[in-house]
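# Results of the structural survey
Residue strings, one per chain:
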Amino acid sequence: MAEIGEGEETIEGRNVGAMWDLEQKLDQLMDEEAHKLKNIQKEKGLSTLMLLRLAFQSLGIVYGDLGTSPLYVFYNTFPDGINDTEDVIGALSLIIYSLLLIPLIKYVFIVCKANDNGQGGTLAIYSLLCRNGKLKLIPDQQRSDQELTTYGRTFLPEGSMAAKTMNWLEKKDSRKRALLIIVLVGTCMTIGDGIFTPAISVLSATGGIKVNNPQMSSDTVVIVAVLILVGLFSMQQYGTGLYNICIYDTSVLKAFSPTYVYMYFRRRGRDGWVSLGGILLSITGTEALYDDIAYFPLLAIQLAFTLFVFPCLLLAYCGQAAYLVKNKDIYANAFYESIPDSIYWPMFIVATGAAVVGSQATISGTYSIIKQAVAHGCFPPVKVVHTSKKFLGQIYSPDINWILMVGCIAVTARFKNQNQIGNAYGTAVAVVMLVTTVLMVLLMLLVWRCNWFLILVFTVLSLMVEGAYFSAVLLKVNQGGWLPLVIAAVLLVVMLVWNYVKIKRYEFQVHSKVSMSWIISLGPSLGLVRVPGIGIVYSELASGVPHIFSHVITNLPAIHSVVVFVCVKYLPVYTVPEEERFLVKRIGSKTFRMFRCVARYGYKDLQKKDDDFENKLFNNLFSFIQMERMMEPVSNSSNSSSASICSQPHQSREVLINNNDMDMFSSMVDYTVSTLDTIIPLDIPINAASYYPDRAVGEEETNELEFLKSGRDSGVVHIQGNTVVKARRNSSLPKKIAINYVYAFLKKICRGNNVIFNVPHESL
């Protein structure tokens, strides 16, 4: 009895020491986090000089597209010529109030605040909504995901309008799917902007050559534009107004009176309404501004637009209007015609450069959108690389890049003039703005929990203005407006098919996962010969044992001494900190040597070539074993798997497998509970150390770490299953085409996990 008492005292002392060490480590971590927080707050407290500097730098990236609109707005507003000079004043008034209401008030001061830690766009709003409710169609959320520092969510009061709306959305998958379709429509139209923006901006800029060379043909201008576009996309892998007002006509300033908007529509009637499609082009680039806000602080962007961009745009449009009032027959190239001859070539170079910069911003935004769509399971995985070691957000996708280039060249060569491209561009922009409005209403209600009156005012004003523009561009569908609809339809089919099959694949894996009772019944050897080495089994399941494992142990005579099930999961967050990326748990008792690792990524995270996924995986596995020992120093699951199961006579592996086939689609029988990052059998009491007084604390941990290291030295094998998806024989023809042909083709050309995580071919 004395010996046992001494043993208990020693174990207790060691347990206290382990907990003391753990408290010290936790205190150290908290101090480090507090220090990081202070640094972040210090960085956020930007000086006025730095803020102005950032505001200036944001001009090219954030406002490049918006700043090139004066190149083509008046031509697209009056494609058949100007009959009355008062029409110019009315159009200018519309431009002024469009810039005031949409880019300045709506986007810069309202929509841009709806960013996901600096990330903008329709998919960013969707991510915010998904984090605050169960709106994802793939049910792979875990409670531990909500504990991420970058997750963040708003808890809705019971019985509130926001809570009732969220419950209504969560109740049926059809409503979740409708929300996703709305988001994807806006996403597809934004990707279409990546084709139309370079086409119309560069073509409009190069069209100025004809001012000094009237004899030059339009085909020559198109060729020059195509050459610039090729140069623009090839470089992806590496990143006057006041004068005219004073000279020509100061009376254009009366356009600041909104009465001229009413007089414009009264005078022109239906033609005036149709011309809204041209006026809309004055605010194109606003959606690109929202997509690119991650590059600079929001306050810097607001300062740049309010103090510089907005006044400059007003002067530019007023200057052109003043020229057109006196020269209404010269409307095709009003931008170039209105500038003095002495600065023509410098202005031409600046305009072309601005068109390239504006196009660059849109193209970069397209890469980011595609990356977000992949993370949400709505687009096949494509190659994405960093173009800057300093800035994480600067990315490049070669596959998407060349597709955009071919699309831009095809659009430029096919339409050849600004008017039809402008109609196509306007249609895409109008749809994106409407989608953003719908999502903003949900965000204001469910996340921001704004007053219903403010939501109503925002909704009514936005829909009135954007609905008018949308109705105008619909009247030009047969004049080029059909193109973005076709492009969006093709992209939408690709996204919906990929997302649908991904959901079905996940549901199949959930229903066919192997039950824990069967795994435990096989015993620590799993009914096989355990050979030295580590087997990494990839699966889409964040919990449970995948069905592929039953195939492995059925068809192979041996299995590795250590098995790690790896699930790569994307969360609706912009990034997952490196220290929180891997979630490691144990499967069964310690004698099974089986682990589950969930690698979590945000939609801005990238798996770079220099990232050693395998090393990070093992480092986290070793840390888990050490932390498990510190948190549960008294548990002894290595010698104590479920007694009721292990005490049964061992059956042959074939019999167990045949019996398991009857239960392959049933839910997992889980005999374990999760505590922190480890899994402990229910029939092992927490104070189980008292049953093993002679056991040295830390010895088992050291042995297991050495066992893992020796297994790693023996060899690591990456095991991946190949899921073949086919439509049922009685499925409809569209579904057969979508799954058997469209999805099969996309699956064939997309990248696999072995490529994404740089798995050596000899280890696969």
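Residues numbered from 1 in each chain as written. Predicted model: local features only at pLDDT ≥ 70, side-chain atom pairs only at ≥ 80, totals over all residues. Heavy atoms only, no water.

With that settled, the discussion passes to the overall build of the protein. Secondary structure summary: the protein contains 29 helices and nine strands in total. With the model as given, the accessible surface of the protein reaches about 34,800 Å², and the carbon-plus-sulfur share is 60%. (Helix = DSSP H or I, 4+ residues; strand = E, 2+ residues; numbered from the N terminus. Areas by Shrake-Rupley, 256 points an atom, 1.4 Å probe, with all protein chains shown as cover.)

Right, let's talk about the pairing of strand β6 (residues 594-601) for a bit. Burial analysis of β6 places eight of its eight residues in the buried class, the great majority of the element. What you see with β6 is no split at all: M594, R596, V598 and R600 on one side and F595, C597, A599 and Y601 on the other are buried throughout. Two strands pair when backbone bridges link them, and strand β4 (residues 558-570) and β6 are joined in this way by eight bridges, in the parallel orientation. Paired with V568 across the two strands is A599, which belongs to β6. As defined by bridge partners, strand β5 (residues 582-587) adjoins β6 across six bridges and the pair is classed as antiparallel. The residue bridging V584 from the neighbouring strand is C597, located in β6. If you look at the hairpin formed by β5 and β6, you'll find six residues sitting between the two strands, and G588 has a positive phi there, around 75°. (Buried < 20%, exposed > 50% of the residue type's maximum accessible area, 1.4 Å probe, protein only. Pairing = 2+ DSSP bridges.)

The next point concerns the sheet that holds β5. Strand pairing in a sheet takes place through backbone hydrogen bonds and is either antiparallel or parallel in direction. Pairing is mixed across the open sheet formed by five strands, whose spatial order is β5-β6-β4-β3-β9. Unpaired on one side and paired on the other, β5 and β9 (716-719) mark the two borders of the sheet. If you compare each strand with its neighbour and ignore which way they point, the axes differ by 25° on average. Each of β3 (529-539), β4, β5, β6 and β9 is contacted by helix α24 (residues 613-631), which is oriented at about 60° to β5, the strand it contacts most. (Axes fitted to C-alpha atoms, helices over the stretch in contact; angles between N-to-C directions. Contact = heavy atoms within 4.5 Å.)

So, about the pattern of salt bridges. Tallying each qualifying case throughout the model produces 15 salt bridges. Between R267 and D87 there is a salt bridge; the shortest N-O distance is 2.8 Å. A relative accessible area of 34% means that R267 is categorised as partly exposed. Where E466 meets K106, a salt bridge forms, and the shortest distance between an N and an O atom there is 2.2 Å. With respect to burial, E466 and K106 carry one shared label: buried. Residues joined in a network through salt bridges with shared partners are E578, R581, D605 and K616. (Salt bridge = Lys/Arg side-chain N within 4 Å of Asp/Glu carboxyl O.)

Further remarks concern the pairing of β5. Extensive coverage of β5 is indicated by the burial of six of its six residues. Side-chain alternation along β5 places F582, V584 and R586 on one buried face and L583, K585 and I587 on a second face that is also buried.

Before going further, it helps to spend a moment on the packing of helix α4 (residues 85-108) against helix α20 (residues 452-474). With their axes 12 Å apart at the nearest point, α4 and α20 run at an angle of 135° to one another. One finds that α4 runs oblique with respect to α20. With respect to the hand of their crossing, α4 and α20 are arranged in left-handed fashion. Contacts between α4 and α20 pair L94, S98, L101, I102 and K106 from the former with F458, S462, V465, E466 and Y469 from the latter. Residue classes in the contact of α4 with α20 are distributed as six nonpolar, two polar and two charged. (Parallel < 35°, antiparallel > 145°, perpendicular 65-115°, else oblique. Left-handed = near helix turned anticlockwise from the far one by under 90°. Nonpolar A, V, L, I, M, F, W, Y, C, P; charged D, E, K, R; others polar.)

Turning next to the confidence of the model for the protein. With 76% of its residues at a pLDDT of at least 70, the protein reaches an overall mean of 77. Counting interchain partners and residues more than four positions distant, the pLDDT-below-50 stretch residues 235-239 has nine contacts. In the model, residues 633-697 has pLDDT below 50 throughout and makes 105 contacts with residues more than four positions away in sequence or in other chains. (pLDDT = per-residue confidence, 0-100.)

What follows concerns α24. Here α24 contains 19 residues, and its C-alpha end-to-end distance of 26 Å stays within 8% of the 27 Å for a straight helix at 1.5 Å per residue. Turning to α24, its buried residues are F613, L617, F618, L621, F622, F624, I625, E628, R629 and M630. (Expected span 1.5 Å × (residues − 1).)

Moving on: the nonpolar core. One finds Y63, F74, L129, F196, F305 and F379 to be the most contacted residues of the largest nonpolar core, which totals 153 residues. It is helix α19 (residues 418-446) that provides the largest number of residues to this core, a total of 17 residues. For F196, the contacting residues outside a window of four places in its chain are V411, I421, A424, Y425, A428, L483, P484 and I487. I536, Y570, L705 and V716 belong to the second largest nonpolar core, which has 29 residues in total. (Core = buried A, V, L, I, M, F, W, Y, C linked by side-chain atoms within 4.5 Å.)

Assignment of secondary structure puts K476 in the loop between α20 and α21 (482-511). No salt bridge forms around the buried K476; measuring N to O, its nearest opposite-charge neighbour D80 is 8.5 Å away. Ignoring anything within four residues of it in the chain, the contact list for K476 reads N76, V274, G277, G278, N423 and G481. (Lys, Arg positive; Asp, Glu negative; His and termini not counted.)

Let's shift gears to the side chain of T150. Its location among the elements puts T150 in the loop between α5 (122-131) and α6 (161-171). Given the relative accessible area of 10%, T150 is considered buried. Within the local environment of T150, its side chain forms a polar contact with the backbone oxygen of T575, the two atoms lying 2.7 Å apart. (Polar contact = N/O pair within 3.5 Å; in protein donor to acceptor, adjacent residues only side chain to side chain.)

A few words now on the packing of aromatic side chains. Scanning all chains against the criterion turns up 16 aromatic pairs. Between F265 and W273, the aromatic rings sit 5.7 Å apart at their centres with planes inclined by 50°, giving tilted as the arrangement. With centroids separated by 5.2 Å and ring planes inclined at 40°, the aromatic side chains of W498 and Y743 adopt a geometry described as tilted. Note that W498 is positioned in helix α21 and Y743 in helix α28 (residues 733-749), a separation of 245 residues in sequence. (Phe/Tyr/Trp six-rings, centres within 6.5 Å; stacked < 30°, edge-to-face > 60°.)

This brings us to unusual backbone geometry. At R449, a residue that is not glycine, the phi angle is positive and equals roughly 55°. Structurally, R449 is set in the loop between α19 and α20. Accessibility expressed as a relative area gives 42% for R449, which makes it partly exposed. The backbone of L526 sits at a positive phi, close to 60°, despite the residue not being glycine. The residue L526 is located in the loop between α22 (516-521) and β3 in this model.

Moving on to a nonpolar patch on the surface. A cluster of nonpolar side chains, W452, F453, L454, L456, V457, V460, L461 and M464, forms an exposed patch at the surface whose accessible area comes to about 840 Å². Along the chain, W452 falls in helix α20. Residue classification places W452 among the exposed residues on the basis of a relative accessible area of 62%. (Patch = residues over 30% accessible without salt bridge, like charges linked within 9 Å, V, L, I, M, F, W, Y side chains within 5 Å.)

With that settled, the discussion passes to the packing of helix α17 (residues 344-375) against helix α18 (residues 398-415). Two numbers describe how α17 lies on α18: the axes approach to 10 Å, and their chain directions differ by 130°. Considering the angle they form, α17 stands oblique to α18. In this structure, the crossing between α17 and α18 has a hand that is right-handed. The residues of α18 that touch α17, namely those facing I363, T366, Y367 and I370, are I400, N401 and L404. For the contact of α17 with α18, the per-class residue count stands at five nonpolar, two polar and no charged.

Scanning all chains against the criterion turns up zero disulfides. This cysteine, C188, is not joined by any disulfide, and C378 carries the nearest cysteine sulfur, 9.5 Å off. For C188, a relative accessible area of 2% gives the class buried. Here C597 is not disulfide-linked; the sulfur of C567 is the nearest cysteine sulfur, at 9.1 Å. Of the residues examined, C597 reaches a relative accessible area of 1% and is grouped as buried. (Disulfide = S-S within 2.5 Å.)

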